[in-house]
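# Close look at the chain arrangement
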Amino acid sequence: MTDLGKSLRMQRLSPVGDGRYLFVPLDHSVSDGPVVPQARWNGLLGALVDGGADAIVVHKGRARTIAPGVLRHCALVVHLSAGTVYAADADAKVLVGEVEEAVRLGADAVSVHVNLGSDTEHRQLTDLGTVAAACDTWNMPLLAMIYPRGPRIADPHDPALLTHAVNIAADLGADLVKTSVALPVDRMAEVVDSSPLPVLAAGGPPDGSDLIGHATSLMLAGCRGLAVGRRIFTSPSPASLVLRLAAIVHAADAGTAPHPPTIATGAA
């Protein structure tokens, strides 16, 4: 039986109602430093909402600074993993929050980061499983951000590795999975076809080229959405860029590959 609480939250993650997602991660403030100066923070949030972002991803403390009316039609995802570029192992991630905290903050979902091939992969997988169990208790959707990334990974854009990554997310209890982009981009269809979860492609093109064309190719390959952070919040006009990306994600003909159903949510 579909749980009503999770179903309602999943619907808020895709307010257009098409089961597609445009997420803007802003959790870089822990790993790399502030995404924008504090004086521009509220303006950035307003631009994302006005442009049509479906959700933002932030850490719990940052979520507490957001006024209740700011997000309006934009969902809140609280990120539970952290690590910084200054660590001895920059691929290590640890849990710094709990699902219960996200519930109290009014979050629509939580996210956990896993780097496959890292020295602490075993700990990160354990954390993902632990959070998935808590999400079941609280009827909270879980986004797994899972990437082939570490000293044992020769090619982080290998479609076979990405296929493995998205299926780990499914096996350990996630509802959505965000991962790196296969190269060439059209091979992302193989990743999507293998996944029982909606796949969100992370970031922009690795070579820094045309984001709009890149996004179009990913949706045509069957991705159910995009998770773009840095290319948006460093843009001179975040609102207009989000507007263009939202049009691509939610286009009536977006994607030609079969769309896998969202697990245990009732979402389209």
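Below or above, wherever it landed, is the structure these notes cover.

Calculation rules
- Residues numbered from 1 in each chain as written.
- Predicted model: local features only at pLDDT ≥ 70, side-chain atom pairs only at ≥ 80, totals over all residues.
- Heavy atoms only, no water.
- Helix = DSSP H or I, 4+ residues; strand = E, 2+ residues; numbered from the N terminus.
- Expected span 1.5 Å × (residues − 1).
- Contact = heavy atoms within 4.5 Å.
- Phe/Tyr/Trp six-rings, centres within 6.5 Å; stacked < 30°, edge-to-face > 60°.
- Buried < 20%, exposed > 50% of the residue type's maximum accessible area, 1.4 Å probe, protein only.
- Lys NZ or Arg CZ within 6 Å of the ring centre and 35° of its normal.

A separate point is unusual backbone geometry. The amide bond that connects L183 to the next residue, P184, takes the cis arrangement and shows omega of -5°. Relative to the helices and strands, P184 resides in the loop between strand 8 (176–179) and helix 8 (188–194).

With 18 residues, helix 6 (residues 121–138) ought to run about 26 Å at 1.5 Å a step, and its terminal C-alpha atoms sit 26 Å apart, in line with that. Each element contacted by the buried residues of helix 6 is listed here: strand 5 (94–95), helix 5 (99–104), strand 6 (109–116) and strand 7 (142–148). Backbone geometry just after helix 6 places N139 at a positive phi near 60°.

Bringing the packing of aromatic side chains into the picture now. The description of an aromatic ring pair rests on the distance of the ring centres and on the angle between the ring planes. Using the criterion set out here, one finds one aromatic pair in the structure. Consider the rings of Y21 and F23, whose centres lie 5.8 Å apart with planes at 75°: the pair is edge-to-face. With a relative accessible area of 1%, F23 lands in the buried category. For the cation-ring pair, R62 lies above W41, with the distance from its terminal atom to the ring centre recorded as 5.4 Å. Note that R149 overlies the ring of Y147, its terminal NZ or CZ placed 4.4 Å from the centroid.

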